[in-house]
Amino acid sequence: DPQLSCNLLGAWGEFYLLKQDLEAAEHMFAEMLARVPAGNRTSIAQAQYGLAKVARRRGQFEEAQTLAEQSYGIFEQLGHRQKSLVQAFLADRSP
């Protein structure tokens, strides 16, 4: 099931972020983005948000901003509850 794979990859990405393993986290979120089933914009936004968090922790602030803005745009269009998390991320400029 492609959606289940995306959910698991996202969960692993978050786990690796907590462990400060940015390389593994980036790999999980990138793989999630590559496997998103056609039309599943929520998973795309979640993967972009994950990649934004990785980029920020690496000091890649412009990339983090771009990815977070893309994620927020999708969540906003969908009226998804995660938009508030991404909005807070965008408002917080700390690494």
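The sections below set out a description of the structure shown in this document. Note that the coordinates shown come from a computational prediction; the quantities given were computed from them, not determined experimentally.

1. Looking at the side chain of Q65
Argument step 1. Its location among the elements puts Q65 in helix α4 (residues 61-78).
Argument step 2. When neighbours within four sequence positions are excluded, Q65 is seen to be in contact with L90 and R93.

2. A word on the side chain of Q48
Argument step 1. With respect to the helices and strands, the residue Q48 is situated in helix α3 (residues 41-57).
Argument step 2. Judged by its relative accessible area of 11%, Q48 falls in the buried class.

3. Re a nonpolar patch on the surface
Argument step 1. Together, L4, L8, W12 and F15 give the surface a local cluster of nonpolar side chains, amounting to about 390 Å² of exposed area.
Argument step 2. If you trace the backbone, F15 turns up in helix α1 (residues 2-18).
Argument step 3. Given the relative accessible area of 36%, F15 is considered partly exposed.

4. Some thoughts on the packing of α1 against helix α2 (residues 22-35)
Argument step 1. Axis separation between α1 and α2 bottoms out at 8 Å; the angle between their running directions is 160°. Between α1 and α2, the angle is such that the two are roughly antiparallel. Of the two possible hands of crossing, α1 and α2 adopt the one that is left-handed. Facing α1, whose interface residues are P2, S5, C6, L9, G10, W12, G13, E14, Y16 and L17, α2 presents L22, A24, A25, M28, F29, E31, M32 and R35.
Argument step 2. By residue class, the composition of the contact of α1 with α2 is 12 nonpolar, three polar and three charged.

Calculation criteria
Residues numbered from 1 in each chain as written. Predicted model: local features only at pLDDT ≥ 70, side-chain atom pairs only at ≥ 80, totals over all residues. Heavy atoms only, no water. Helix = DSSP H or I, 4+ residues; strand = E, 2+ residues; numbered from the N terminus. Contact = heavy atoms within 4.5 Å. Buried < 20%, exposed > 50% of the residue type's maximum accessible area, 1.4 Å probe, protein only. Patch = residues over 30% accessible without salt bridge, like charges linked within 9 Å, V, L, I, M, F, W, Y side chains within 5 Å. Areas by Shrake-Rupley, 256 points an atom, 1.4 Å probe, with all protein chains shown as cover. Salt bridge = Lys/Arg side-chain N within 4 Å of Asp/Glu carboxyl O. Axes fitted to C-alpha atoms, helices over the stretch in contact; angles between N-to-C directions. Parallel < 35°, antiparallel > 145°, perpendicular 65-115°, else oblique. Left-handed = near helix turned anticlockwise from the far one by under 90°. Nonpolar A, V, L, I, M, F, W, Y, C, P; charged D, E, K, R; others polar.

Limitation: the analysis is restricted to geometry and does not speak to function.
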